[in-house]
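Each chain, letter by letter, is given below.
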Amino acid sequence: MGTSRVVPALLGLSAFAFYITWGASLSNGTLDRMLHIRGAAVPCIPGTHEPLRLRFTGIAPIDYWCTIMVLFFWEAVDGSHPATSMNGIYFLGQLVGIWTLVWVEGIRRGERHMVAK
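Just so we're clear, the structure is a prediction, and the values are computed from it rather than from any experiment.

Trainee: With reference to specific residues and values, describe the overall build of the protein chain.
Mentor: Looking only at helices and strands, the protein chain has 4 helices and 0 strands in total. For the protein chain, the sequential pattern of α-helices and β-strands runs α-α-α-α. The 117 residues of the protein chain split such that 14% are buried. A sequence separation of at least 24 residues applies to 36% of the contacts in the protein chain between residues at least 6 apart. Averaging the positions of the 9 positive and the 7 negative side-chain charges in the protein chain gives two centres separated by 16 Å.

In structure tokens, the structure reads:
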């Protein structure tokens, strides 16, 4: 498959994954709940009385996104839903493997071609 066909295919898969993740969150009320918690006078982490951290970097759009991600992944890492936590561990195992591959390829010394004089 040439590059001219791979790029649109990857873009299409990315759009589909985005739609499935956030479309499902919108349709089942998860996104509304996250935005409601985020916009509360004293936002708390779901299932606890702990305050939700609203400042991570000091850059408002990045902090907003980080807060939404904390809310999105909270039930997967807090242990209240064991099946979801197991899927999170499976996801983390794959992600660490990918990060390792990217890191190793990033530090690997590439081939150096001699330029004829």
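Trainee: An account of the packing of helix 1 (residues 3–27) against helix 3 (residues 60–77) is requested, with residue identities and associated values reported.
Mentor: In the contact formed by helix 1 and helix 3, the axes pass within 14 Å of each other and the chain directions differ by 75°. Of the possible angle classes, the one that applies to helix 1 and helix 3 is roughly perpendicular. Judged by residue contacts, Thr-21, Trp-22 and Ser-25 of helix 1 engage Trp-65, Ile-68, Met-69 and Phe-72 from helix 3. Here the contact of helix 1 with helix 3 is built from residues that sort into 5 nonpolar, 2 polar and no charged.

Trainee: So what's going on with the packing of aromatic side chains? Which residues, and what values?
Mentor: All told, the structure shown has 3 aromatic pairs when counted by the stated rule. Aromatic side chains Trp-22 and Trp-65 sit 5.8 Å apart centroid to centroid with 45° between the ring planes, which places their arrangement in the tilted category. Residue Trp-22 is located in helix 1, and its partner Trp-65 is located in helix 3; the two are separated by 43 residues in the primary sequence. On the basis of relative accessible area, Trp-22 is assigned to the buried category, the value being 15%.

Trainee: Now, about helix 1: what can you tell me, with residues and values included?
Mentor: When the terminal C-alpha atoms of helix 1 are compared, their 35 Å separation across 25 residues agrees well with the 36 Å that a helix rising 1.5 Å per residue should span. Where helix 1 ends, the next residue or the one after it, Gly-29, has phi of about 90°, a positive value.

Trainee: Give a detailed account of helix 4 (residues 82–107), specifying residues and quantitative values.
Mentor: Given a rise of 1.5 Å per residue, 26 residues ought to cover 38 Å, and the 37 Å separating the end C-alpha atoms of helix 4 matches this to within 8%. Of all 26 residues in helix 4, 1 are buried, a share of ten percent or less.

Trainee: If you had to explain the state of the cysteines to someone new, which residues and values would you point to?
Mentor: Here a disulfide denotes one covalent bond, and it connects the sulfur atoms of two cysteines. The final tally for this structure, using the stated rule, is 0 disulfides. Unpaired in terms of disulfides, Cys-44 finds its nearest cysteine sulfur in Cys-66, a separation of 19 Å.

Trainee: Describe in detail the pattern of salt bridges, supporting the description with residues and values.
Mentor: The full count for this structure, using the stated rule, is 2 salt bridges. Here Glu-105 makes a salt bridge to Arg-108, at a shortest N to O gap of 3.2 Å.

Trainee: Can you lay out the nonpolar core for me, pointing to particular residues and giving the numbers?
Mentor: Judged by nonpolar contacts, Trp-22, Leu-31, Met-34, Ile-37, Ile-45, Leu-52, Ile-68 and Leu-71 together constitute the single largest core of 8 residues. Every element with two or more residues in this core is listed here: helix 2 (30–38) and helix 3. With 3 residues, helix 2 is the largest single contributor of residues to this core. Beyond its immediate sequence surroundings of up to four residues, Leu-52 is in contact with Ile-37, Pro-43, Cys-44, Ile-45, Thr-67, Val-70 and Leu-71.

Calculation rules
- Position numbers for residues count from 1 along each chain, tracking the sequence in the order it is written.
- Local features in this predicted model are restricted to residues of pLDDT 70 or higher, and side-chain atom pairs are both shown and tallied only at a pLDDT of 80 or more, whereas totals for entire chains, interfaces and linings draw on every residue.
- Side-chain measures here rest on the full set of heavy atoms in the structure, leaving out hydrogens and waters.
- Secondary structure is summarised from DSSP: a helix means a run of H or I of at least four residues, a strand means a run of E of at least two, and numbering begins at the N terminus for each.
- Throughout this description, buried means an accessible area under 20% of the type-specific maximum (1.4 Å probe, protein chains only), exposed means over 50%, and partly exposed covers the range between.
- Contacts are residue-level and defined by heavy atoms, with any inter-residue pair within 4.5 Å sufficient.
- We treat Lys and Arg as the positive residues and Asp and Glu as the negative residues; His and chain ends play no part in the count.
- Every charge is mapped onto a representative atom, which is NZ of Lys, CZ of Arg, CG of Asp or CD of Glu.
- In this description, a line fitted to the C-alpha atoms serves as the axis of each element, helices being fitted only across the stretch in contact, and the angle between N-to-C directions of two axes falls anywhere from 0 to 180 degrees.
- When describing relative orientation, an angle under 35 degrees is termed roughly parallel and one over 145 degrees roughly antiparallel, while 65 to 115 degrees is termed roughly perpendicular and anything else oblique.
- Residue polarity follows a fixed list, in which Ala, Val, Leu, Ile, Met, Phe, Trp, Tyr, Cys and Pro are nonpolar, Asp, Glu, Lys and Arg are charged, and the others, Gly among them, are polar.
- The rule is short: rings of Phe, Tyr and Trp, with Trp giving its six-membered ring, pair when the centres are within 6.5 Å, and they are stacked under 30 degrees, edge-to-face over 60, tilted in between.
- Any helix carries an expected span of 1.5 Å times its number of residues minus one.
- Only a pair of cysteine sulfur atoms within 2.5 Å counts as a disulfide in this structure description.
- Here a salt bridge means any side-chain nitrogen of Lys or Arg lying within 4 Å of a carboxyl oxygen belonging to Asp or Glu.
- In this description, a nonpolar core means a group of buried Ala, Val, Leu, Ile, Met, Phe, Trp, Tyr and Cys residues linked to one another through side-chain atoms lying within 4.5 Å.

None of the figures reported here should be taken as evidence of function without further support.
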